[in-house]
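# Structural overview for review
This is what each chain is made of:
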Amino acid sequence: MFPGRIYWRGWVADWPRWLLLIALLTPIQVVAEELFFRCLLPRLCWRLGASPLLAIVLAAAAFTGVHLPLLAAAQGWELLTFYFCFGLFSGALVLSEQGLERVIGWHLAQNLFAFWGVSHGEQSLRTPALFHTSSLEPCWSLLQFLLLSLFGYVILMGFSLKGKVS
């Protein structure tokens, strides 16, 4: 679709170490982020009198704030919009599911793909992924995220309803 923008980088010289580090540390990073931004921070907001919707928005803003160094990138605002939408969707999913399991799985899959599959220069944690993008298309990435999130949520809701109907 974007010829010449995604290219094969291949494995780096010490790829077994990177593969192992990513496999071991990414789940810890994801669980820590999700516990803080989807559980602890919204609960604090609720206890301070915020509505559930406001708590989700504040947690999404805090999640975006962690990624503020990306603002220095050429298209930093678009990247931050992506993180804000990710935070909103994750918060809504946790609230509707009353649990972190699906959000952790979704976040873990996304991060593993970014760390092992395709990386770009403005990525938060730069890793030697197999593919590299020569130019980031944040608006396209945001559209992909929104469409895949909608598709994934419909699938997840289908599985939830299937268990409740029978």
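Scope of this entry: the structure provided in the associated data block. In this text the structure is predicted, and so the values were computed from the model without any measurement. (Residues numbered from 1 in each chain as written. Predicted model: local features only at pLDDT ≥ 70, side-chain atom pairs only at ≥ 80, totals over all residues. Heavy atoms only, no water.)

## Concerning helix 1 (residues 15–47)
The criterion, for reference: Helix numbering and strand numbering both begin at the N terminus, where a helix is a DSSP run of H or I of at least 4 residues and a strand a DSSP run of E of at least 2. Here the expected span of a helix is defined as 1.5 Å times the quantity of residues minus one. A residue's bend is given by the angle between axes fitted to the 7 residues ending at it and the 7 residues starting at it. A 1.4 Å probe rolled over the protein chains alone gives each residue an accessible area, and that area as a share of the maximum for its type sets the label: buried under 20%, exposed over 50%, partly exposed in between.
For helix 1, with 33 residues, the first-to-last C-alpha span of 46 Å sits near the 48 Å given by 1.5 Å per residue. Roughly 30° is the biggest bend found in helix 1, and it falls at Phe-36. The complete set of buried residues in helix 1 reads Ile-22, Thr-26, Val-30, Glu-33, Glu-34, Phe-37, Arg-38, Cys-39, Leu-41, Pro-42 and Cys-45.

## Here we look at the packing of aromatic side chains
The condition is simple: Pairing of aromatic side chains here covers Phe, Tyr and the six-membered ring of Trp, requires ring centres within 6.5 Å, and sorts the geometry by plane angle: under 30 degrees stacked, over 60 edge-to-face, intermediate tilted. Criterion for a charge above a ring: Arg CZ or Lys NZ at most 6 Å from the ring centre, at most 35 degrees from the ring normal.
With the rule as written, the count across this model stands at 8 aromatic pairs. With centroids separated by 6.5 Å and ring planes inclined at 35°, the aromatic side chains of Phe-82 and Phe-86 adopt a geometry described as tilted. You can see Phe-82 and its partner Phe-86 sitting in helix 3 (residues 76–97), 4 residues apart, about one turn around the helix. By the burial criterion, Phe-82 is buried, and Phe-86 matches it. Ring plane angle 20° and centroid distance 4.6 Å describe the contact between Phe-86 and Trp-106, whose orientation is recorded as stacked. One end of the pair, Phe-86, is in helix 3; the other, Trp-106, is in helix 4 (residues 101–117), with 20 residues separating them in the sequence. For Trp-106, a relative accessible area of 22% translates into the label partly exposed. Each residue in the set Phe-36, Phe-37, Phe-63, Phe-82, Tyr-83, Phe-86, Phe-89 and Trp-106 is aromatic and connected to the rest through ring pairs, giving one cluster. We note Arg-38 situated over the ring of Phe-63; from NZ or CZ to the ring centre the distance is 4.5 Å.

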